[in-house]
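# Descriptive analysis of the structure
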Amino acid sequence: MAAKHSGVIGRASKTAALLSGLATLALAVLISFDVLMRYFFNRPQLIVDEVAPFLLILVIFGAAAQTFRLGGHVRVDLVTAHLPPAVRAWLRAVNLAIGIVFLAVVIWVTAQSALTAYRYGRVSAVMLYPLWVFMLLIPAGLLLMALCMAGALRRQLRAALGPQAGRDEV
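What you are looking at is a predicted structure, and each value in this text was computed from that prediction instead of being measured. (Residues numbered from 1 in each chain as written. Predicted model: local features only at pLDDT ≥ 70, side-chain atom pairs only at ≥ 80, totals over all residues. Heavy atoms only, no water.)

Turning next to the nonpolar core. Residues Phe68, Leu96, Leu103, Met145 and Met149 are the most contacted members of the largest nonpolar core, which totals 25 residues. Those elements that place two or more of their residues in this core are α1 (2-41), α2 (46-69), α3 (85-120), α4 (131-135) and α5 (137-161). Per-element tally for this core: the top contributor is α5, with nine residues. If we skip the residues at most four places from it in the chain, methionine 145 touches Ala64, Ala65, Phe68 and Leu103. The next biggest cluster of nonpolar side chains, apart from the first, holds five residues, and it includes Leu27, Ala52, Leu55 and Val59. (Core = buried A, V, L, I, M, F, W, Y, C linked by side-chain atoms within 4.5 Å. Buried < 20%, exposed > 50% of the residue type's maximum accessible area, 1.4 Å probe, protein only. Helix = DSSP H or I, 4+ residues; strand = E, 2+ residues; numbered from the N terminus. Contact = heavy atoms within 4.5 Å.)

In structure tokens, the structure reads:
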């Protein structure tokens with residue numbers, strides 16, 4: 001059952017990362033188009049100023065879970081490299097647990113902001129689209145990352161509590 005959930009989370013994080021990549025491409029095209037129109041034809045495109053920040057949110061929070069899954073985050077092993085494997089295993093488990101708690105708080109706060117924007121009917125200044133839709137990208141991306149971290153924590157705890165030979169970072 002856990003492998004099935006892991007597969008669903010893995011596919012969801014890959015899909016979110018793909019959307020993040022497409023958003024990066026869209027940002028490049030939109031900004032290039034805006035520069036062309038603004039500086040060569042004196043016709044700035046307001047849609048770019050409206051949409052680009054939300055695409056950037058998708059780029060950042062859409063790819064966070066997949067980056068974590070692939071181990072693409074930054075690590076500093078200057079201190080932990082000299083610790084015994086069992087200590088490193090528990091240190092990683094504690095760090096993952098703290099990270100999940102931190103993400104839970106940020107998810108809660110950003111979801112509340114999106115809910116407030118929905119309740120008050122907040123819309124964008126120029127195009128009048130509802131802001132809450134894009135505000136939900138932050139807690140959604142962070143929730144996906146928290147689920148990936150929970151899977152890593154489960155594997156790490158299994159290694160830390162398992163046989164002595166397997167007690168290390170997973």
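Continuing now.
Before going further, it helps to spend a moment on the environment of proline 130. With respect to the helices and strands, proline 130 occurs in the loop between α3 and α4. Its relative accessible area of 33% is what places proline 130 among the partly exposed residues. Spatially, the C-alpha atoms of proline 130 and alanine 117 are 8.2 Å apart, while their sequence positions differ by 13 residues. Excluding anything up to four places from it in sequence, proline 130 contacts Arg122 and Val123.

Side chains of Arg11, Lys14, Arg69, Arg154, Arg155 and Arg158 sit close together on the surface and give a patch of like positive charge. Among the secondary structure elements, those contributing two or more residues to the positive patch are α1 and α5. Considering each element in turn, the positive patch owes the most residues, three residues, to α5. Within the secondary structure, arginine 69 sits in helix α2. Overall, arginine 69 belongs to the partly exposed group, its relative accessible area being 37%. (Patch = residues over 30% accessible without salt bridge, like charges linked within 9 Å, V, L, I, M, F, W, Y side chains within 5 Å. Areas by Shrake-Rupley, 256 points an atom, 1.4 Å probe, with all protein chains shown as cover. Salt bridge = Lys/Arg side-chain N within 4 Å of Asp/Glu carboxyl O. Lys, Arg positive; Asp, Glu negative; His and termini not counted. Charge placed at Lys NZ, Arg CZ, Asp CG, Glu CD.)

Turning next to the packing of aromatic side chains. For the coordinates displayed, the defined rule picks out four aromatic pairs. Judged by centre distance (6.0 Å) and plane angle (80°), the ring pair of phenylalanine 54 and tyrosine 129 falls under edge-to-face. Within this pair, whereas phenylalanine 54 is found in helix α2, its partner tyrosine 129 is found in the loop between α3 and α4, the two being separated by 75 residues in sequence. Judged by relative accessible area, phenylalanine 54 falls into the buried class, the value being 15%. In this structure tyrosine 129 comes out as buried when scored by relative accessible area, which is 14%. Pairwise contacts between aromatic rings join Phe54, Tyr129 and Phe134 into one cluster. (Phe/Tyr/Trp six-rings, centres within 6.5 Å; stacked < 30°, edge-to-face > 60°.)

Keep in mind that these numbers describe shape and distance, not what the molecule does.
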